[in-house]
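Here is how the chains run, residue by residue.
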There are 2 protein chains.
Amino acid sequence: MPADDQKAQAAREALRDAILSGEYLPGERLVEAQLCERFGISRFTVRAALQDLTADGLVKVERNKGAHVRKVTLDEAVEITEVRMVLEGLVAARAAARVTDAQASELDEIGLLMRRAVSAGEFRRYGDLNQRLHGLIRTIGGHHTADSIIETLRGQLVRHQFMISLHPGRPAISLPQHERIIEAIRERDPKAAESAMREHIASVIEALRDIDATELR
Amino acid sequence: MPADDQKAQAAREALRDAILSGEYLPGERLVEAQLCERFGISRFTVRAALQDLTADGLVKVERNKGAHVRKVTLDEAVEITEVRMVLEGLVAARAAARVTDAQASELDEIGLLMRRAVSAGEFRRYGDLNQRLHGLIRTIGGHHTADSIIETLRGQLVRHQFMISLHPGRPAISLPQHERIIEAIRERDPKAAESAMREHIASVIEALRDIDATELR
DNA sequence: GCCGCCAAGATTGTCGACAATCAGCAAGGG
DNA sequence: CCCTTGCTGATTGTCGACAATCTTGGCGGC
């Protein structure tokens, strides 16, 4: 009966979601016994899930001191985003070299929807499109190694990412950057695609710093 | 008594070394019971060690099918090295911005030793210096996030890396590249340091492809 | 009153045993 | 003769219980 398998894996993802959604705050202690009761699974499974999350950098375990939700400082967030900058630059360059005509028009369509969302003031929708654009570029790039690292890093930043996307004025800055990225890939110019992507994410880093400074008021 | 702790951790590293040193070949199956006997530890500890190695990308576990030493194809090796290229480029740029005078002279010294090693034909020594140079640059860069990813990726490539370092003619190609990197960092020119590092690792990728083509004859 | 120390509770680390699952082989039917 | 099917040994997945360790609160001494 594979029901146990599904239960164990479901619980693992439930725990991941609970942390990602902010149900457990950064620094909060994750007591194994509590998680057992919470998700109706054994401690063995809880430990396996915690090790998974540790590998993804979402929790940190100290020997004999248990697991905590990892706290990501501003400096770490900047470092992580710097790494994303060069990796997504690499992926964008490869995307420019590999893009098909069908994918090119899909990029264009996203660009159009983005412009519409911005002029209509639909920031939430713009955020979704942003994610879809970066995802499509990574699909086109087809760089499995870079992809999985980027995905891991993204998980560590959900909190910060969320704050950025709601920051007023961001779309006005990032929309033209996104347009440049799309254009460079459509013209199959790897160097231009890489530098456009890097410029874009460099401005995300600036936004990160600004937002953090704002929050400390 | 912390003896057990040390034993468990020692066994973990012993298993890692056994895989890294090539004692277990890529694709080889790692049977938990055998590892228990081999290292004199319980299955629990073996499983923990295997999960560690999985996180590092050294082994791959399939449900109910056990753990295998991960096979790194040429394409994957190229991808991994591409990621290293952009990450070490990022680190080199930061190193150029942060290098102290003492570190600058240490870089110079390594450069001198490298020239000597090449002219003396001491390839093994040159390989060690190569590793020391890259390590020092990463120390100077002080980019923890990029560092740990680079270190993880390096582990997955030990086999290929080894073949490259013994490839005749490599030092003649890589020595001037190393010299350019050192010079750019010493002159505190981040852009030059990044592009020098990327050129260097791009040529490593070429070497990877050549060696693989040679091996298939 | 303050500091260090000890005991008890709570939490994590480890283990051996049992259950679930898979690979290989033999027997039977087409 | 080949394919399917059921069995059997081997291997991995899961669990509950016990041991080791840390934390907390109270006690005694200075």
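What counts and what doesn't
Residues numbered from 1 in each chain as written. Chains lettered and ligands numbered in written order. Predicted model: local features only at pLDDT ≥ 70, side-chain atom pairs only at ≥ 80, totals over all residues. Heavy atoms only, no water. Least-squares fit on C-alpha atoms with pLDDT ≥ 70 in both. Contact = heavy atoms within 4.5 Å. Pairing = 2+ DSSP bridges. Helix = DSSP H or I, 4+ residues; strand = E, 2+ residues; numbered from the N terminus. Axes fitted to C-alpha atoms, helices over the stretch in contact; angles between N-to-C directions. Domains from an automatic or database assignment. Buried area = accessible area lost by both parts, 1.4 Å probe. Salt bridge = Lys/Arg side-chain N within 4 Å of Asp/Glu carboxyl O. Buried < 20%, exposed > 50% of the residue type's maximum accessible area, 1.4 Å probe, protein only.

1. Notes on the relation of the copies chain A and chain B
- Between chain A and chain B, which share one sequence, the superposing operator has a rotation angle of 180° and an axial displacement of 0.0 Å; the RMSD is 0.1 Å. In symmetry terms, the pair is related by a two-fold rotation axis.
- The residues that chain A uses at the interface reappear at the interface of chain B in 100% of cases, marking a shared surface.

2. Things to note about the sheet that holds strand β3 (residues 66-69) of chain B
Residue and element names in this part refer to chain B.
- Reading across the sheet, the 3 strands line up as β1-β3-β2 and stay open at both edges, with antiparallel pairing between neighbours. On the outer flanks of this sheet lie β1 (29-30) and β2 (59-62), each paired with one strand and no other.
- In terms of strand pairing, β1 meets β3 through 2 bridges, oriented antiparallel. Looking across to β3, one finds that Leu30 is bridged to Ala67.
- Sitting on the sheet, helix α3 (residues 43-55) touches β1, β2 and β3, and the angle it makes with β2 is about 115°.

3. Quick look at the domain arrangement of chain A
Residues and elements named next belong to chain A.
- One can read the domain layout of chain A as domain 1 (3-69) and domain 2 (74-215).
- Centre-to-centre, using C-alpha coordinates, domain 1 lies 30 Å away from domain 2.
- Listed by partner, the interface residues are 8 residues for domain 1 and 5 residues for domain 2.
- When the two sides are added together, the surface that domain 1 and domain 2 hide from each other amounts to roughly 430 Å², 57% of it contributed by carbon and sulfur.

4. So, the pattern of salt bridges
All names here are of chain B.
- Per the stated rule, a full pass over the model turns up 32 salt bridges over all chains.
- Arg16 is the salt-bridge partner of Asp56, the closest N and O atoms lying 2.1 Å from each other. Of this pair, Asp56 sits in the loop between α3 and β2 while Arg16 sits in helix α1 (residues 3-20), and the two are 40 residues apart along the sequence.
- Judged by relative accessible area, which is 22%, Arg16 ranks as partly exposed.

5. Side note on the sheet that holds strand β2 (residues 59-62) of chain A
Residues and elements named next belong to chain A.
- Taken together, the 3 strands give an open sheet; going across it, the order is β1-β3-β2, and neighbouring strands pair in antiparallel fashion. Both outer strands of the open sheet, β1 (29-30) and β2, are each paired with one neighbouring strand and no more.
- With 4 bridges connecting them, β2 and strand β3 (residues 66-69) associate as antiparallel partners. Residue pairing in the sheet places Val61 in a bridge with Ala67 of β3.
- Packing against the sheet, helix α3 (residues 43-55) makes contact with β1, β2 and β3, and its axis sits at approximately 115° to β2.

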